[in-house]
Protein chains: 2
Amino acid sequence: MSLTNATPLEVAQAARLGSRKLAVLSTKERNAALTAIHKALAEGKDEVLAANVKDLEAAEKAAADGKLSQSLVKRLDLGKKGKYEDMLQGILDVRDLEDPINKITARTLLDTDLTLERVTCPIGVLLIIFEARPEVIANISALALKSGNAAILKGGKESVFSFQAISRIISRALSTTAVPSDCLQLVETHDVIKDLLMLDQYIDLCIPRGGNKLVRTVKDNTAIPVLGHADGICCIYLRADCAVDMAVKVIVDAKCSYPAGCNAVEQLLVDEDALSTVLPAVATALLEKGVTLCCDEPSLSALKGKLDQHSIPLLQEATEEDYSTEFLDLKLAIKTIRPTPSSTSPNTELSPLETAITHINTHSSHHTDCILTTSASTAEAFIAGVDSSSVYWNTSTRMADGQRYGFGTEVGISTNKIHSRGPVGLDGLTIYKWVIRGNGQVSAEYGAGGKQWKHEKLAVGDEEWTARNEEEREALRKFREGKKAE
Amino acid sequence: MSLTNATPLEVAQAARLGSRKLAVLSTKERNAALTAIHKALAEGKDEVLAANVKDLEAAEKAAADGKLSQSLVKRLDLGKKGKYEDMLQGILDVRDLEDPINKITARTLLDTDLTLERVTCPIGVLLIIFEARPEVIANISALALKSGNAAILKGGKESVFSFQAISRIISRALSTTAVPSDCLQLVETHDVIKDLLMLDQYIDLCIPRGGNKLVRTVKDNTAIPVLGHADGICCIYLRADCAVDMAVKVIVDAKCSYPAGCNAVEQLLVDEDALSTVLPAVATALLEKGVTLCCDEPSLSALKGKLDQHSIPLLQEATEEDYSTEFLDLKLAIKTIRPTPSSTSPNTELSPLETAITHINTHSSHHTDCILTTSASTAEAFIAGVDSSSVYWNTSTRMADGQRYGFGTEVGISTNKIHSRGPVGLDGLTIYKWVIRGNGQVSAEYGAGGKQWKHEKLAVGDEEWTARNEEEREALRKFREGKKAE
């Protein structure tokens, strides 16, 4: 990890060269580097915490001057009970995941002695821009090295002393391993970001980890592909047939369990015939948690008649903007769903389900959207029709998370329409190459009048042990039944 | 397919709305639309060819004025024997491929009655910009509809009458099917491209199909992800242990079977000790085919002593630029590979293999590169070290092609580092969504002191019949041996 005064171009070129050396290291060598980083950071705890105190002092001063929020100051504190140990454990957790590279994911016999393979490999050089939390640097370094990628890291200025200490230690640790130190480059000044974003010939993927503003700025200023999401405007569509207790449980979790999360619900769409049946209990539960409800006219009228007078201050009239806003707060926009005229076919009407789907495809941020209903056919039509990275039936939008999906880790959540979508695990930091091994075959030999392609799909990994026909399935079925009976 | 005077914004919005209707159609409905398009274009052959004659007349005139090449005029001609029928057959070929969408590619049991699935789906709206050849519009329309994507199509101005006729017929055909006509939008004037490239909120992927200049212009002017390749600078690395006849066969195919192809070889890297053994026969064969050889000093000296005097005019001294040029012609740059000092570690030397890999990673366009050698260990080190979308051992770079890879069709060839790399089949026009079906589970129930995640991988499709443990493998093995013995 370099702490020199290198130019952005030098940083990117060094990372690129390093990335090619890293890409050919074995699983064992990459894992050994993570073990070494873990050990060095465990031993260097005092050094890091001393640096962290300097960041904290500066932050407290800035907070006292009103230039920084107290919640940000808290997030900077690496000395908080268990935080440093969690950071250390995270490195080992990533190390112990399955290696995402050098996996053969397809194999085709093109012709005798001519085999095509698709093999996963690292993307190359990542540019990762993140906000204050200092422990993120250890997590990101682990993810990058595990997946064989070099990374250029730019952290928030509030953690500069902590970053310096951590990167010094990581750099020392790497010098004892097969991973070149150039594979992790920390850049410290904010003004280099613009230059780095221009270097698309050396940097393959940019991952901004932070708020809406950071992501938008990055997207608008680079030709490098960007992985991430700007907004998390999630919707829940409540049908009248949903049981009241399930509606209350799911919507309260989606709004209140972590309102600042990108997967928190921001809009509740309610069928007209649920306004006076299911909605009042949902609203009551949310109001009890202190949630402000921004309602359209029909839902406001329905609720006003049903709720205690003391709840009324938290009931507001919604503005049009509320249906395009990520509140990140105890606030929820409510919209009534009625059949609407079709915008494309005159004299036809969209059903409530179609109206809700159209609203979501237009107003949500394509992150995570959910339907609450007992009807499987309605749910399946919703799942097919909604164009979002995660679409749920009868569960909370807060499920959208790499740990909850079972990935073991999370690189981020993507609302992109290519490469990786939804919670992104280590796989999202890989691509593949096509490999052909032959013995002198050439293209002109094949085709009309010449040799014919075999194009025979070959087994990959465990597929070798997949029953190939009904007879083999029957044999496997019988064996399984015999084992069960034993 | 609209032929109105809609603005770029209206075109993109209509395509987006259409795309959501198309995305939920069944395989049968999408295939029926392709059948209808095929039938209509077969019946409308006279109408299309009459329009094509108008394009040809204008092109002949432009060629006579020196404004257009004769080879371009030839490519415009849809009346050439078999060309129209090939175009029609191409539509049916795409129709009959496996449906790339609605495939479940992963399934996890998160908890009892809480299942996560990854399901393939269309990307959304494609913007496809292509050059003159008029039959491409039918091929692209078929690829887009088969994969459930709407497409905005912009063809070269030389084929305008042919495009209009084909799109009129496709539009009429679609009006009898479940696919909304808005899903295929033809734009006719060049000046709208710039506006369309700004509409990244409606257009999800841009595919420029044409030369280097088109691709670069598109990449430099849009925030929409671009799928494709600007250059095809492919390299072959010839080791001294390669048999002479194999070297001749592979290199002649790679250079001469279609020099204008992006997968034709442009650079031959030759180990020093192959200069006087393998290279002369290769050079003789290439010179006989009329290939100009741009040689560095050592290869030029080696060849001058060995070749007939009459070949000498085709031997040239290479310039530095030759090693960064896509010739697309009967021209090949030759470079001698010797050990070189390492740029990163002082007092160490790169081996010839490392030197060749470094040259390729710096000078090739990451499209397709090849090594010719009898040594498996050298070949595997080359395959691991070269950062290109296709890497070959002992076969021609011309193998890089979707048909040859067995995809049945080709969307294009990508040198991107994310999403799709190498020859791109229909899968490259898809992404996935994550679907969870639950019965009211919420995030706050899980974790410390609460419910535990199961995270059990469930079988997908044929995986159900994969032997799950060594006992089942043994049973399957025995059954297979028994069948063989029968």
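A few points on the structure. Note that the coordinates shown come from a computational prediction; the quantities given were computed from them, not determined experimentally.

Time to look at the interface of chain A and chain B. A common way to state how big an interface is: give the accessible area lost once the parts meet. Tallying the contact residues gives 84 residues for chain A and 84 residues for chain B. Of the roughly 7,600 Å² buried between chain A and chain B, counting both surfaces, carbon and sulfur atoms make up 56%. Run the count over chain A and chain B and you get 14 salt bridges. Lys483 of chain B is the partner of Glu471 of chain A in a salt bridge, and the nearest nitrogen-oxygen pair spans 2.6 Å. Put simply, chain A and chain B have 56 residue pairs in polar contact (both at pLDDT 80 or more) between them. Breaking the side of chain A that touches chain B down by element, the ones donating at least two residues are helix H1 (8–23), strand E2 (114–122), helix H10 (244–256), helix H14 (376–385), strand E15 (390–393), strand E17 (422–424), strand E18 (430–437) and helix H15 (470–485) of chain A. Of the residues forming the side of chain A that touches chain B, the biggest block, 9 residues, is contributed by H15 of chain A. By residue class, the composition of the side of chain A that touches chain B is 36 nonpolar, 24 polar and 24 charged. Here E18 of chain A runs beside strand E15 (residues 390–393) of chain B; their pairing, made up of 4 bridges, is parallel. Across the sheet, the residue bridging to Val435 of chain A is Val391 of chain B, located in E15 of chain B.

Residues and elements named next belong to chain B. Close contact between helix H13 (residues 352–363) and helix H14 (residues 376–385) brings their axes to 10 Å; oriented N to C, the two are set at 30 degrees. Judged by the inter-axis angle, H13 sits roughly parallel to H14. H13 and H14 meet at a crossing whose hand is right-handed. Where H13 approaches H14, its residues Leu353, Ile357, Ile360 and Asn361 are matched on the opposing element by Thr378, Ala381, Phe382 and Gly385. Tallied by class, residues from the contact of H13 with H14 come to 5 nonpolar, 3 polar and no charged.

Glancing now at the relation of the copies chain A and chain B. With an RMSD of 0.2 Å, the operation that places chain A on chain B is a rotation of 180 degrees combined with a shift of 0.1 Å along the axis. Here the two chains are linked by the operation of a two-fold rotation axis. Looking at the interface residues of chain A, 100% of them are also at the interface in chain B, so both copies use one shared face.

On to the packing of aromatic side chains, then. Here the structure, examined in full by the defined rule, presents 14 aromatic pairs over all chains. Between the aromatic rings of Tyr432 of chain A and Trp434 of chain A, the centroid separation amounts to 5.7 Å while the plane-to-plane angle is 80 degrees, which identifies the pairing as edge-to-face. Residue Trp434 of chain A is classed as buried on the basis of its relative accessible area of 5%. Through pairs of rings, three or more aromatic residues link up here, namely Tyr405 and Phe407 of chain A together with Tyr432 and Trp434 of chain B. One cation-aromatic arrangement involves Lys335 of chain A over Tyr323 of chain A; the distance from NZ or CZ to the ring centre is 5.1 Å. Note that Lys54 of chain B overlies the ring of Phe161 of chain B, its terminal NZ or CZ placed 4.7 Å from the centroid.

Bringing the state of the cysteines into the picture now. Under the definition given, this model contains 0 disulfides over all chains. Not engaged in a disulfide, the cysteine Cys235 of chain A finds its nearest cysteine sulfur in Cys234 of chain A; these two sulfurs lie 7.5 Å apart. Residue Cys235 of chain A is classed as buried on the basis of its relative accessible area of 0%. Summary of cysteine pairing: Cys242 of chain B is not part of a disulfide, and the nearest cysteine sulfur, belonging to Cys370 of chain B, is at 8.7 Å. On the accessibility criterion, Cys242 of chain B (4% relative accessible area) is buried.

Inside soluble globular proteins, nonpolar side chains tend to come together where they are buried. Counting 236 residues, the largest nonpolar core has Leu41 and Leu293 of chain A together with Leu41 and Leu293 of chain B as the members making the most contacts within it. Ignoring anything within four residues of it in the chain, the contact list for Leu41 of chain B reads Val48, Tyr84, Met87, Leu88, Ile91, Ala138, Ile166, Ile169 and Ile170 of chain B.

Remember that side chains alternate between the two faces of the sheet whenever the strand is regular. All names here are of chain B. As judged from the 6 bridges shared by strand E1 (residues 104–111) and strand E2 (residues 114–122), these two strands associate in the antiparallel manner. Looking across to E2, one finds that Ile104 is bridged to Val119. Judged from the 2 bridges that link them, E1 and strand E19 (residues 456–457) form a sheet pairing that is antiparallel. What sits directly across from Thr108, in E19, is Lys457.

To continue, consider the packing of helix H5 (residues 83–95) of chain B against helix H6 (residues 136–146) of chain B. Residue and element names in this part refer to chain B. Here H5 crosses H6 at 10 degrees, and the two axes come no closer than 9 Å. Judged by the angle between their axes, H5 and H6 are roughly parallel. Crossing hand, H5 versus H6: right-handed. Along its contact with H5, which presents Met87, Ile91, Val94 and Arg95, the element H6 presents Ala138, Ala142, Leu143 and Lys146.

Tallied over the entire structure, the rule returns 59 salt bridges over all chains. Its salt-bridge partner being Arg477 of chain B, residue Glu474 of chain B comes within 2.5 Å of it at the nearest N-O pair. Note that Glu474 of chain B and Arg477 of chain B are positioned in helix H15 (residues 470–485) at a spacing of 3 residues, about one turn of the helix. Given the relative accessible area of 32%, Glu474 of chain B is considered partly exposed. Here the salt bridges do not stand alone but share partners, grouping Arg16, Arg20 and Asp204 of chain A together with Asp387, Lys417 and Arg421 of chain B into one network.

Within the element layout of this structure, Arg20 of chain B appears in helix H1 (residues 8–23). Within the structure, Arg20 of chain B has its side chain in polar contact with the backbone oxygen of Ala384 of chain A (distance 3.4 Å).

Once that is clear, we can look at the sheet that holds strand E5 (residues 184–187) of chain B. Residue and element names in this part refer to chain B. Strand order across the open sheet formed by 4 strands is E5-E4-E3-E6, with parallel pairing between neighbours. What marks the edges here is a single partner per strand, and that holds for E5 and strand E6 (205–209). This sheet shows a mean twist of 20 degrees between the axes of neighbouring strands, independent of strand direction. Relative to E6, strand E3 (residues 125–130) runs parallel, the two being bridged by 5 bridges. Each bridged residue has a counterpart across the sheet, and for Leu126 the counterpart in E6 is Leu205. Its contacts with the sheet put helix H7 (residues 160–174) on E3 and E5, and the angle it makes with E5 is roughly 160 degrees.

It is worth spelling out helix H9 (residues 212–220) of chain B at this point. Note on helix geometry: an α-helix contains 3.6 residues per turn, so any two residues three or four positions apart are oriented the same way. All names here are of chain B. Here H9 has its buried residues at Leu214, Val215 and Val218. Looking down the long axis of H9, one finds its buried residues gathered within 95 degrees of arc, a one-sided arrangement. For H9, exposure combined with an orientation more than 90 degrees from the buried face picks out Lys213 and Asp220. Contacts made by the buried residues of H9 are with E3, helix H8 (193–197) and E6.

Calculation notes
Residues numbered from 1 in each chain as written. Chains lettered and ligands numbered in written order. Predicted model: local features only at pLDDT ≥ 70, side-chain atom pairs only at ≥ 80, totals over all residues. Heavy atoms only, no water. Contact = heavy atoms within 4.5 Å. Buried area = accessible area lost by both parts, 1.4 Å probe. Salt bridge = Lys/Arg side-chain N within 4 Å of Asp/Glu carboxyl O. Polar contact = N/O pair within 3.5 Å; in protein donor to acceptor, adjacent residues only side chain to side chain. Helix = DSSP H or I, 4+ residues; strand = E, 2+ residues; numbered from the N terminus. Nonpolar A, V, L, I, M, F, W, Y, C, P; charged D, E, K, R; others polar. Pairing = 2+ DSSP bridges. Axes fitted to C-alpha atoms, helices over the stretch in contact; angles between N-to-C directions. Parallel < 35°, antiparallel > 145°, perpendicular 65-115°, else oblique. Left-handed = near helix turned anticlockwise from the far one by under 90°. Least-squares fit on C-alpha atoms with pLDDT ≥ 70 in both. Phe/Tyr/Trp six-rings, centres within 6.5 Å; stacked < 30°, edge-to-face > 60°. Buried < 20%, exposed > 50% of the residue type's maximum accessible area, 1.4 Å probe, protein only. Lys NZ or Arg CZ within 6 Å of the ring centre and 35° of its normal. Disulfide = S-S within 2.5 Å. Core = buried A, V, L, I, M, F, W, Y, C linked by side-chain atoms within 4.5 Å. Arc of directions from axis to C-beta.

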